Amino acid sequence: ALTAGIVGLPNVGKSTLFNAITQAGAEAANYPFATIDPNVGIVEVPDERLNKLTELVKPKKTVPTTFEFTDIAGIVKGASKGEGLGNQFLSHIRQVDAICQVVRCFEDENITHVSGKVDPIDDIEVINLELILADLETVNKRYQRVEKLAKQKDKDAIAEFDVLSKLKAGLEEEKPARALEFGEEQWKIVKGLHLLTSKPILYVANVSEDEVANADSNKNVQLVRDYAAKENAEVIVICAKIEEEISELEQEEKEMFLEELGISESGLDKLIKASYSLLGLATYFTAGEQEVRAWTFRKGIKAPQAAGIIHSDFERGFIRAETVSYEDLLEAGTMGNAREKGKVRLEGKDYIVQDGDVIHFRFNV
Ligand code: GDP
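Only a predicted model underlies this, so the values are computations on that prediction, with no experimental measurement involved.

**Here we look at the domain arrangement of the protein chain**
Per the domain assignment, the segments of the protein chain are domain 1 (3–46 + 65–116 + 199–278), domain 2 (129–198) and domain 3 (300–363). Once you take the C-alpha centre of each, domain 1 and domain 3 turn out to be 34 Å apart.

Listed below in structure tokens is the structure:
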């Protein structure tokens, strides 16, 4: 499964957020084979459509899909030089698919800040610089090898050398790889290098309890937004402390609490959705009398692969995907009506599955 890593300087609220994630955790009964790694928190992906489908189909059971966050502790200045748990930290980041960087935007005299003052841009730059330096090392090593091959007129080497030169120049200017301009073919080469700064990132602005309903009045949040905009990155505003409290509540209490705070959606729910789409993930549904269920897939895959997410037999024996879009099904009211209206399509093996598809797979055993 794809995972998003939570990073940030010490004392910015990472553990508080990660606590909220594990406490809100997905119902273990639905995922009996999930590995229990203390650094991984599995959450259910909130999806209003699943609730609507449940009302419509009235199944015995409803199963949401899940998403994984990994807690990556231990970044300090100098990590790329092996300071603190530097190397370990970097190798953990290498293993995640996206980065959620928690940035302290709350002021609290009782909680020390590692560099003595709350300065979100400085904090972001400390972390990003460590990642950039680690990438520069990777790129430089490769650069020297590929340079020789490029001189021997090796065509692939010439293309890669071009990319490496651009990366080297950009990283030396302290720009992350994701902020550099590459063509589609070049971007494939960049991906192949598994750089830390080519991973998609979102910033999590951690504000105080009394600011969460009106976060844009917080000047630190504005600074983070401006910074992120330059990288085309998203910013999610949360109050980690409140999220920790919310995660202990039942759904109904949770809704009441949010209303009192004047917010429509919990920060954690926003974070889950944003991380999910940052990774290019989408959801299709299966809807039967026994079970209505959401399934995660990577955008762009075809029907047989999507079937394989449920079971490899479904992919091997794939015949057709009986498909109706969520909107069409909701409008028709029942599967039968949708069929009569001609909204249920019989899709074959080249069909590219869409977010919100409700699918019944037909397959040979
Ligand atoms: P970490 O070192 O990044 O994991 O930070 P922690 O989650 O341990 O938080 C450091 C301190 O900041 C703890 O005392 C938290 O209670 C406090 N803290 C975290 N989030 C918030 C918040 O949103 N508001 C306030 N006032 N304190 C917070």
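**Comments concerning the UniProt feature "coiled-coil region" (unreviewed entry) in the protein chain**
UniProt annotation of "coiled-coil region" (unreviewed entry) refers to residues 232–259 when read in the numbering used here. Between the C-alpha atoms that bound residues 232–259 the distance is 31 Å, and the span itself is 57% helix and 18% strand.

**Focus on the UniProt feature "domain: TGS" (unreviewed entry) in the protein chain**
Feature annotation in UniProt places "domain: TGS" (unreviewed entry) on residues 280–363, given in this structure's numbering. Helix makes up 31% of residues 280–363 and strand 39%, with an end-to-end C-alpha separation of 27 Å.

**Regarding the packing of helix α5 (residues 155–172) against helix α6 (residues 184–192)**
Look at α5 against α6: their axes get within 10 Å of each other, and the N-to-C directions meet at 75 degrees. The angle between the axes of α5 and α6 places the two elements in the roughly perpendicular class. Contact residues: α5 offers Ala-159, Glu-160, Val-163 and Leu-167, while α6 offers Gln-186, Ile-189 and Val-190. Of the residues in the contact of α5 with α6, the class split is five nonpolar, one polar and one charged.

**A word on the sheet that holds strand β4 (residues 66–71)**
What the six strands build is an open sheet, ordered β2-β4-β1-β5-β6-β7; its pairing is mixed. Sheet topology places β2 (40–44) and β7 (234–238) at the edges, where each strand pairs with a single neighbour. Mean inter-strand twist for the sheet, computed between neighbouring axes without regard to direction, equals 25 degrees. Across six bridges, the pairing between strand β5 (residues 98–104) and strand β6 (residues 201–206) is parallel. Bridge pairing links Val-103 to Ala-205 in β6. Against the sheet, helix α7 (residues 219–230) engages β5, β6 and β7, with an angle of about 160 degrees to β7. This element, helix α10 (residues 267–278), spans β1 (3–7), β2, β4, β5, β6 and β7 of the sheet and lies at about 160 degrees to β7.

**Notes on the pairing of strand β9 (residues 291–298)**
Inspection of the sheet shows strand β3 (residues 61–63) paired to β9 by three bridges, in the parallel sense. Of the residues in β9, the one forming a bridge with Val-63 is Arg-293. Across seven bridges, strand β8 (residues 281–287) lies against β9 in antiparallel orientation. Each residue of the ladder has a partner; that of Thr-283, found in β9, is Thr-296. In this structure, the hairpin formed by β8 and β9 is closed by a connection of three residues.

**Quick look at the nonpolar core**
In terms of nonpolar packing, the biggest core is built from 66 residues, with Val-103, Val-204, Ala-205 and Val-207 touching the most fellow members. Per-element accounting of this core gives the leading share, nine residues, to helix α4 (residues 120–151). Counting the residues that make up this core, at least three belong to each of domain 1 (3–46 + 65–116 + 199–278) and domain 2 (129–198). If we ignore the near neighbours within four places in the chain, the residues touching Ala-205 are Val-103, Cys-105, Val-221, Val-224, Val-235 and Val-237. Grouped together as the second largest cluster of nonpolar side chains are 22 residues, Ala-294, Ala-303, Val-344 and Val-353 included.

**Quick word on the packing of α4 against α5**
Between α4 and α5, the least distance of the axes is 9 Å, while the angle of their chain directions is 150 degrees. Classified by the angle between their axes, α4 and α5 sit roughly antiparallel to one another. As for the relative orientation of α4 and α5, their crossing is left-handed in sense. In this structure, α4 contributes Ile-132, Asp-135, Leu-136, Val-139, Asn-140, Arg-142, Tyr-143, Val-146, Glu-147, Leu-149 and Ala-150 to the contact, and α5 contributes Ala-157, Ile-158, Glu-160, Phe-161, Leu-164, Leu-167, Lys-168, Leu-171 and Glu-172. Class assignment of the residues belonging to the contact of α4 with α5 gives a composition of 13 nonpolar, one polar and six charged.

**With respect to α10**
With twelve residues, α10 extends 16 Å between its outermost C-alpha atoms, agreeing within 8% with the 16 Å of an ideal straight helix rising 1.5 Å per residue. Of the residues making up α10, those classed as buried are Gly-267, Leu-268, Asp-269, Leu-271, Ile-272, Ser-275, Tyr-276 and Leu-278. In the stretch just after α10, Gly-280 is the one whose phi turns positive, near 70 degrees.

So, how was this worked out
- Residues numbered from 1 in each chain as written.
- Predicted model: local features only at pLDDT ≥ 70, side-chain atom pairs only at ≥ 80, totals over all residues.
- Domains from an automatic or database assignment.
- UniProt positions renumbered as here; feature names shortened; annotations may be inferred.
- Helix = DSSP H or I, 4+ residues; strand = E, 2+ residues; numbered from the N terminus.
- Axes fitted to C-alpha atoms, helices over the stretch in contact; angles between N-to-C directions.
- Parallel < 35°, antiparallel > 145°, perpendicular 65-115°, else oblique.
- Contact = placed C-beta atoms within 7 Å.
- Nonpolar A, V, L, I, M, F, W, Y, C, P; charged D, E, K, R; others polar.
- Pairing = 2+ DSSP bridges.
- Core = buried A, V, L, I, M, F, W, Y, C linked by C-beta atoms within 7 Å.
- Buried ≥ 20, exposed ≤ 12 C-beta atoms within 10 Å, placed from the backbone.
- Left-handed = near helix turned anticlockwise from the far one by under 90°.
- Expected span 1.5 Å × (residues − 1).

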